[in-house]
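Summary of the model geometry
Here are the chains, one letter per residue:
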Amino acid sequence: MTNAKVRTIDKTAQTMEEKLNTLRAGVLGSNDGILTVVGVLVSVAAATSNEFTIFIAGLSDLLACAFSMAAGEYASVSAQKETEKAAVAKEAKLLKTAWTEQVAAVKAHYVAKGVHEQTAAAIAADLMQKKPLATVVRIKYDIELGHYLNPWDAAYASLFAASLGGLLPLMAMTFVTGPLKWGATILAVALASALTGLISAKLGDGLVKRAVIRNIIIGLITITIHYGVGKLF
């Protein structure tokens, strides 16, 4: 395996991690948007028949949930970015005080990947000669030097997904009238929850059927609990 191929593999893995992080933020935002908005809609709809009140309550919660999720993702990813920068600073110091150990760590990394020991030593020597800091942070922390996770990407993904997820039950509750209103809302929640379960299972290499069923059940339980709360008050 040549040095160029090794570097290409590492960069591809880093790019995939960034995309998965953004998708993860989107899936979490969508799921929260569905459950929080339908919770408010069902509670209010069970307590009053005033269509405008129901709509305003659902819309207000949708906006609050979307911006809250976006802010949370921004703060979380920003903290991760700061941690990554601290790790880079730490490795920069170690390169000055423990060069031999750093080279050994790089060699061990490629040996673990299945590269022959002599070849791994040659790769380590070459990489450490050209880009020592970029090499050690990529190997030890899976960080591409100067290419950190973007908190804005995660925030935008969460904002959009939470809005979209909450919009489905809101539209069903708002635009479907008569005896079909509740059925349409339940169906919208089930479909949206199934979709987020499918995507999350695909991202995490989990069991699709289990994730879909679990999300649908959680959605239905949410509706039941909040309907009871609305009727109680």
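All chains use their own residue numbering, which begins from 1 and follows the written sequence. Selection of residues for local features in this predicted model requires a pLDDT of at least 70, selection of side-chain atom pairs for listing and counting requires 80 or more, and totals for whole chains, interfaces and linings are taken over all residues. Water and hydrogen atoms were dropped before computing side-chain values, which therefore reflect all heavy atoms in the structure.

1. Some thoughts on the nonpolar core
For clarity, the cut-off: Definition of nonpolar core: a set of buried residues of the types Ala, Val, Leu, Ile, Met, Phe, Trp, Tyr and Cys, connected through side-chain atoms within 4.5 Å. Three labels apply to residues, based on accessible area from a 1.4 Å probe with only protein chains included: buried if under 20% of the type maximum, exposed if over 50%, partly exposed otherwise in between. In this description a helix means any DSSP run of H or I spanning at least four residues, a strand means any run of E spanning at least two, and both kinds are numbered starting from the N terminus. Residue contacts are counted whenever heavy atoms from the two residues lie within 4.5 Å of one another.
If you look at the biggest cluster of nonpolar residues, it comprises 15 residues, and the most contacted ones within it are Val-106, Tyr-110, Val-115, Ile-123, Met-128 and Val-136. For this core, the secondary-structure elements that each account for two or more residues are α2 (51-97), α3 (99-112), α4 (117-130) and α5 (132-141). With 5 residues, α4 is the single largest residue contributor to this core. Apart from the residues within four sequence positions on either side, Val-115 is in contact with Tyr-110, Ala-120 and Ile-123. With 9 residues, the next largest nonpolar core counts Val-37, Leu-41, Ala-57 and Leu-170 among its residues.

2. Describing the pattern of salt bridges
Note the threshold: By convention in these notes, a salt bridge is any Lys or Arg side-chain nitrogen within 4 Å of a carboxyl oxygen on Asp or Glu.
If you walk through the whole model with that rule in mind, you get 4 salt bridges. Of the charged contacts in the structure, one is a salt bridge between Lys-181 and Glu-51, with a shortest N-O distance of 3.4 Å. With Lys-181 in helix α7 (residues 180-203) and Glu-51 in helix α2, this pair connects stretches of sequence that are 130 residues apart. In this structure, Lys-130 engages Asp-126 in a salt bridge whose closest nitrogen and oxygen atoms are separated by 3.4 Å. Of this pair, Lys-130 and Asp-126 both sit in helix α4, 4 residues apart, which is roughly one turn of that helix. The class of Asp-126 is buried, set by a relative accessible area of 18%.

3. Topic: α2
We apply this condition: In a helix, the anticipated span is given by 1.5 Å times the number of residues less one. Polar contact criterion, stated in full: a pair of N or O atoms within 3.5 Å, where within protein one must be able to donate a hydrogen and the other to accept it, and residues adjacent in sequence count only if both atoms are side-chain atoms.
Over its 47 residues, α2 extends 69 Å from the first C-alpha to the last, a length consistent with the 69 Å expected when each residue adds 1.5 Å. Capping of α2 at its N-terminal end is provided by Asn-50; its side-chain oxygen lies 3.1 Å from the backbone amide nitrogen of Phe-52.

4. Focus: the packing of aromatic side chains
Let me state the cut-off plainly: By convention, a stacked pair of Phe, Tyr or Trp rings (six-membered ring in the case of Trp) has centres within 6.5 Å and planes under 30 degrees apart, an edge-to-face pair has planes over 60 apart, and any other such pair is tilted.
Enumeration according to the criterion identifies 3 aromatic pairs in this entry. Here the aromatic rings of Trp-182 and Tyr-227 are separated by 5.4 Å at their centres, their planes lie at 90°, and the arrangement is edge-to-face. Highlighted residues: Trp-182 in helix α7 and Tyr-227 in helix α8 (residues 208-232), separated in sequence by 45 residues. A network of ring pairs unites the aromatic residues Tyr-74, Trp-152 and Tyr-156 as a single cluster.

5. Quick notes on α8
Taking 1.5 Å per residue, 25 residues should reach 36 Å; α8 reaches 36 Å between its end C-alpha atoms and fits that length. Among all positions of α8, only Ala-211, Val-212, Asn-215, Gly-219, Thr-222, Ile-223 and Gly-230 are buried.

6. Here's the deal with a nonpolar patch on the surface
What counts, and what does not: Residues enter patches when they are more than 30% accessible in relative terms and free of salt bridges; like-charged ones are connected within 9 Å and nonpolar ones (Val, Leu, Ile, Met, Phe, Trp, Tyr) within 5 Å. Accessible surface is estimated by sampling points in the Shrake-Rupley manner with a 1.4 Å probe; for residues, cover comes only from the protein chains shown.
A contiguous nonpolar surface patch, about 730 Å² in accessible area, is contributed by Ile-213, Ile-217, Ile-221, Ile-225, Val-229, Leu-232 and Phe-233. With respect to the helices and strands, the residue Ile-225 is situated in helix α8.

7. Section: the side chain of Thr-222
Here Thr-222 is to be found in helix α8. For Thr-222, a relative accessible area of 12% corresponds to the buried category. Apart from residues lying up to four places away in sequence, Thr-222 is in contact with Leu-35, Val-38 and Gly-39.

8. Focus on the environment of Ser-30
Tracing the backbone through its elements, the reader meets Ser-30 in helix α1 (residues 3-47). Spatially, the C-alpha atom of Ser-30 lies 7.0 Å from that of Thr-196, the residues being 166 residues apart in sequence. Not counting residues within four places of it along the chain, the set of residues in contact with Ser-30 comprises Ala-161, Ala-162, Gly-165 and Thr-196.

9. Considerations on the confidence of the model for the protein chain
Selection rule: Confidence scores here are pLDDT values: one per residue, from the predictor, ranging 0 to 100.
Looking at the protein chain as a whole, its pLDDT mean stands at 84, while 89% of the residues score no less than 70. Summarising per-element confidence for the protein chain, the mean pLDDT is lowest in α1 (70) and highest in α2 (90). Here residues 6-10 is a poorly scored stretch, pLDDT under 50, and it has 10 contacts once near neighbours within four places are set aside; other chains count.

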